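Read off the chains here:
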Amino acid sequence: MKENVFGSLIMQDGDAAISGVSVRALADQYGTPLYIYDENTLTSTMDAYMDEFRSDEFETRVVYATKAFNCKAMLKLCDAHGLYCDAVSLGEIYTAKRAGIDLSKIYFHGNNKTAFELNRAFEYGVGTIIVDSKEEAEKLVSVAKDHPETSMRTLIRVNPLIEAHTHKHIQTAAPDSKFGIPIMMKERLLETIAILQSADNIHFAGLHCHIGSQLFELEPYIKAVEELADLALDLESSLSSSIEEIDLGGGFGVWYTDADTPNPIALTCKTILDACNTVFKEKGITPKIVTIEPGRSIVAEAGYLLYTVTMIKQSLKDKFYFVDGGMSDLIRPALYQAEYTADLIGDSANEEKELVTIGGKCCESGDIVIRDIMLPPAKEGDLLLIYSAGAYGYAMASNYNKQPLPGVVFVKDGQTRLVIRPQTLDEMIERECD
Ligand code: LLP
């Protein structure tokens, strides 16, 4: 367990408490697998971003990338703490609508928005659309004609071609990326802006980029500020309007294992703000708004995934602790070779540790939750708590192997609230026709 990260977790003999709530009691009441979020950690992280990402020179916006963990309760928390939210699908926008949050604070992203989704964005009063391509600009202009009374704010997503050291699948600024308009395609960018500006009810407000995810280096963000500022200056010389907003995306790394060295939020924010102050002055540009879009770093470390050990098997090489879930509720290990840390919660928690592998129950060799971890001897019925499971865990869960989706609870100061009910077997098949 990492010191200081899990401030509200206390290991007790045969049990653990998160923010004063017994993990064993949660397992008894809601079953496992179960996602548990420490609400105080969620809100203090949001507040840290809101406090640290502030400037006297320009307005600052913190947009939570809801794809990391999206549900009504989470979106309401963001709204209450002053964050904007990004959405990448009608489903995410609809969740925000049903959560009752202010949809003018939604940033609508995605490389392949449908006309249906764009229409709904106008109808629902979505605040900002991040246009990914010239083709999307054309589609948006055509949709905008059906909503003459509604004005839509837009940013254009630029691929700044900045190398980011992370897993290939979560790099987004590589030359072969499907996202955005490559930064050197200035003609294409100007054409896209001209298309947007051809509609009376579309406002072109600025530039967006997102360089990748789970990044520990801050240098690429400084580079992104420089690249976008250069581009803004260049575009402004050809446009009658100025670039109002520069949105630098998210991607700030978090702790999963001791190999990970996340930057404090204050340092991340200061580095980006300092770079903006220096570079904007140097180039003589004056954007009114600077935006960041953290997803993972708001939810990862606040979230835990609780399993029950359901079988212990000695195989040729590995000793397996099998748990009652796996890649259906946590696909990141299988998809990205992502590594996690865990603790056993059982009577033997203080006994000598041995090298084991945590295996899931899906019928697939890749369904390994953690390969090679030192844990005390387990017995069936012990609980296993996976740390830093709050980002892209529940959000990427599926019914693979007809595993019902797990429930999600928020815990805070000894209180628990269920925010997503565990899916029942009947709910899982109720859409199926005979
Ligand atoms: N903004 C944009 C435009 C994005 O595409 C993303 C993430 C973010 C912000 C938030 O990035 P974050 O702060 O969460 O790193 N499923 C993968 C991660 C995919 C990230 C996609 N875009 C994973 O489990 O690692």
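Undergrad: I keep staring at the overall build of the chain and nothing clicks. Help me out?
TA: In terms of regular secondary structure, the chain is built from twelve helices and 21 strands. Against the 2.2 N^0.38 benchmark of 22 Å for 434 residues, the chain shows a C-alpha radius of gyration of 23 Å, consistent with a compact globule. Considering only C-alpha atoms, the chain reaches an extent of 70 × 55 × 40 Å along its principal axes. A buried classification covers 57% of the 434 residues belonging to the chain. Put simply, of all contacts in the chain between residues at least 6 apart along the chain, 71% involve residues at least 24 apart. Taken as a whole, the chain presents about 18,500 Å² of accessible surface, with 48% of it coming from carbon and sulfur. Distance between charge centres in the chain, computed from 40 positive and 65 negative side chains, equals 3 Å.

Undergrad: What exactly am I supposed to notice about the pattern of salt bridges here?
TA: As a working rule, side chains carrying opposite charge can pair if their charged atoms are close by. Scanning all chains against the criterion turns up 17 salt bridges. We note a salt bridge from Arg120 to Glu123, for which the minimum N-O separation is 3.2 Å. Residue Arg120 and its partner Glu123 are located together in helix H5 (residues 115-124), separated by three residues, close to a single helical turn. A relative accessible area of 23% means that Arg120 is categorised as partly exposed. With relative accessibility at 48%, the residue Glu123 sits in the partly exposed group.

The rules behind the values
- As a convention, each chain's residues are numbered from 1 in the sequence order in which they are written.
- Note on the predicted model: pLDDT of at least 70 is required for a residue's local features to be given, and 80 or more for side-chain atom pairs to be given and counted; whole-chain, interface and lining totals, by contrast, use all residues.
- Neither water nor hydrogens contribute to the side-chain values; these are computed over all heavy atoms in the structure.
- Secondary structure elements follow DSSP: runs of H or I no shorter than four residues count as helices, runs of E no shorter than two count as strands, and numbering proceeds from the N terminus.
- Atoms considered for the radius of gyration are the C-alpha atoms alone. The globule rule reads 2.2 Å times the number of residues to the power 0.38.
- Any residue under 20% of the maximum accessible area for its type is buried, any over 50% is exposed, and the rest in between are partly exposed; the area is computed with a 1.4 Å probe on protein chains only.
- Contacts between residues were defined by any pair of non-hydrogen atoms, one from each residue, lying within 4.5 Å.
- Reported accessibility uses the Shrake-Rupley method at a 1.4 Å probe radius. Residues are deemed covered only where the shown protein chains occlude them.
- Charged residues are defined here as Lys and Arg on the positive side and Asp and Glu on the negative side; His and the ends of the chain fall outside this count.
- Charge coordinates come from a single atom per side chain, which is NZ of Lys, CZ of Arg, CG of Asp or CD of Glu.
- Think of a salt bridge as a Lys or Arg side-chain nitrogen and an Asp or Glu carboxyl oxygen that are within 4 Å of each other.

Purely geometric stuff here, so don't read any function into it on its own.
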